[in-house]
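# Structural overview for review
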Amino acid sequence: MGNDLSRLILLQKLDVEIRQLQDEVTSLPVRQEELERQFAVAVTEYLDLKSELENAQTDKRELETKIEEEQQRHQKFKNDLMKSTNEREYTTAVREIDVARKVISQLETETLKLMEQIEKLESSLAEKTPAMELERQQVDRQLAGLRERTVDAEARLVELRSNRPGLYDLLSKEARSNYDRLSRMKSGLALAEARSHSCRGCRMSIRPQVFNDIRRAESIIMCENCGRILYYDDEAE
Ligand SMILES: [Zn+2]
């Protein structure tokens, strides 16, 4: 029985570590996402400027297309003017040429304003780029660290899982079924340490006689309150 208890202590330690490692491995995508989210917050200003620049560039391209269309109109009326055979055609062409010129001039003014805006945005962005790149490098390093630790955790998991049967199979049938049952009921913690005359699992105090029995570790003793298997740890006490 004494052997069972020391094996149970080891088994619980092993199972606790397996669970922690599993959590570490499965939470990787969430932690990666969180890092990316923090990065996006840290460089919000930079990203805002970048999208502002992209919008301005799109607007500029649209203006350029409009100018081209207007120039074609302008050219068409110039041709009309040359081909005009009467006063009415002549007047219309002159009027339309004038309208097209004004529109082109307006569009060109808008384009100039946009180009100034684009220039300003580009220089602001260039100013903020080094800080943003530094931030990115830090995030990349953190991501690499996360992946590395996950690879280590996976390797350790394989090792622990392969060790587990060797320990579990040495337990008596009774100890095994007690452990499995309690482990299911107590979120994986079938054992609790008895320290300073109380159960560390539920804080219930333990009678001195029972506490002495636990210290002797000659039999499996369960907490009268929470039902966990109690053990005594010299070093912890
Ligand atoms: Zn208890």
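Residues numbered from 1 in each chain as written. Predicted model: local features only at pLDDT ≥ 70, side-chain atom pairs only at ≥ 80, totals over all residues. Heavy atoms only, no water.

### Let's talk about the coordination of the zinc ion
Test applied: Each metal's donors are the N, O and S atoms found within 2.8 Å of it, except that Na, K and Ca use a 3.2 Å limit; water is left out, so coordination can look incomplete. Working rule for geometry: tetrahedral if four donors all subtend angles between 85 and 135 degrees; square planar for four, octahedral for six, if opposite donors exceed 155 degrees and the others stay between 65 and 115; irregular in every other situation.
Protein ligation of the zinc ion involves C199 (SG), C202 (SG), C223 (SG) and C226 (SG), the donor distances falling in the range 2.3 Å. Coordination at the zinc ion is tetrahedral: its four donor atoms span angles of 104 to 114° at the metal. Positions of the donor residues of the zinc ion, expressed as sequence spacing, correspond to C-x2-C-x20-C-x2-C.

### Observations concerning the nonpolar core
The criterion, for reference: Nonpolar cores are built from buried Ala, Val, Leu, Ile, Met, Phe, Trp, Tyr and Cys residues. Side-chain atoms within 4.5 Å join them into one set. The cut-offs for exposure are 20% and 50% of the maximum accessible area for each residue type, with area from a 1.4 Å probe on protein chains only; residues under the lower value are buried, those over the upper are exposed, and the others partly exposed. Here a strand is any run of E in DSSP of at least two residues, a helix any run of H or I of at least four, and the numbering for each starts at the N terminus. Domains are outlined according to an automatic or database domain assignment. Contact between two residues is taken to exist if any of their heavy atoms lie within 4.5 Å; hydrogens are not considered.
In terms of nonpolar packing, the biggest core is built from 20 residues, with L8, L11, L171, Y179, L191 and I229 touching the most fellow members. Sorting the residues of this core by element identifies α1 (2-26), α4 (87-168), α5 (173-185) and β3 (229-231) as the ones contributing at least two each. Here the element with the most residues in this core is α1; it accounts for seven residues. Summarising the domain contributions, this core has at least three residues from each of domain 1 (2-168) and domain 2 (187-231). The contacts of L171, once residues within four sequence positions are left out, are D4, R7, L8, L11 and R176. Within the second largest apolar cluster, 19 residues are counted, among which are L49, L107, L114 and V139.

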